[in-house]
Amino acid sequence: FSDLDDVEASPPPALPPGAVGWVKPGPVEGDEELASTLLLLSFLKDVALARRADILPIRPSQMTKDQQVVARFLDEVHAVEATEPTASEDAWSNAQRGSASG
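Everything numeric in this text was worked out from a predicted model, so none of it was measured.

A. Layout of the overall build of the chain. Broken down by element type, the chain carries four helices and zero strands. Burial analysis of the chain (102 residues in total) assigns 10% to the buried set. Within the chain, contacts between residues separated by at least 24 positions form 43% of all contacts whose residues are at least 6 apart in sequence.

So, in structure tokens, the structure goes:
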């Protein structure tokens, strides 16, 4: 996994107000903790989708139960992403609508 230069990841979402880099000063609570966890999972998903062949055996019969769970998750993500616009596409569309109306 040391060579991640060719991984195409979604651009990071805008940081919340008061955030510095990827770390927000002060304690993380409730909704902020959930948002941080979802952001981390999103990045892990992007890497796992790009490197699926490197992290999972090709044959399901060779997978552990944990690998089967990850494979199922990636299959579901792939199916959803094939039918819905991505967050970056939504942001681009919203930006285009905003610039057209202003």
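Moving on from the coordinates now.
B. Examining the pattern of salt bridges more closely. Using the criterion set out here, one finds five salt bridges in the structure. Notably, a salt bridge pairs Arg51 with Asp54, separated by 3.2 Å at the nearest N-O pair. For Asp54, a relative accessible area of 52% gives the class exposed. Residue Arg52 is joined to Asp75 by a salt bridge in which the shortest nitrogen-to-oxygen separation is 2.9 Å. Remark: Asp75 occurs in helix 3 (residues 65–83) and Arg52 occurs in helix 2 (residues 52–55); sequence separation between them is 23 residues.

C. Structural detail: the side chain of Lys45. Here Lys45 is to be found in helix 1 (residues 30–50). What Lys45 contacts, discounting residues up to four positions off in sequence, is Phe73, Leu74, Val77 and Glu81.

D. Structural detail: a nonpolar patch on the surface. A contiguous nonpolar surface patch, about 500 Å² in accessible area, is contributed by Leu34, Leu38, Leu40, Leu41 and Leu44. Inspection of the secondary structure assignment puts Leu44 in helix 1.

E. Just the confidence of the model for the chain, in detail. Scored by pLDDT, the chain has a mean of 76; 54% of the residues are at 70 or more. Summarising per-element confidence for the chain, the mean pLDDT is lowest in helix 4 (residues 87–101) (61) and highest in helix 2 (93).

F. Spotlight on helix 3. The first and last C-alpha atoms of helix 3 sit 28 Å apart over 19 residues, in line with the 27 Å expected at 1.5 Å per residue. Taken together, the buried positions of helix 3 are Ala71, Leu74 and Val77. Take helix 3 and look down its axis: the buried residues cluster within an arc of 125°, on one side only. Away from its buried face, by an angle of more than 90 degrees, helix 3 presents the exposed residues Lys65, Val69, Arg72 and Thr83. Residues of helix 3 that are buried make contact with helix 1 and helix 2.

Scoring rules and cut-offs
- Residues numbered from 1 in each chain as written.
- Predicted model: local features only at pLDDT ≥ 70, side-chain atom pairs only at ≥ 80, totals over all residues.
- Heavy atoms only, no water.
- Helix = DSSP H or I, 4+ residues; strand = E, 2+ residues; numbered from the N terminus.
- Buried < 20%, exposed > 50% of the residue type's maximum accessible area, 1.4 Å probe, protein only.
- Contact = heavy atoms within 4.5 Å.
- Salt bridge = Lys/Arg side-chain N within 4 Å of Asp/Glu carboxyl O.
- Patch = residues over 30% accessible without salt bridge, like charges linked within 9 Å, V, L, I, M, F, W, Y side chains within 5 Å.
- Areas by Shrake-Rupley, 256 points an atom, 1.4 Å probe, with all protein chains shown as cover.
- pLDDT = per-residue confidence, 0-100.
- Expected span 1.5 Å × (residues − 1).
- Arc of directions from axis to C-beta.

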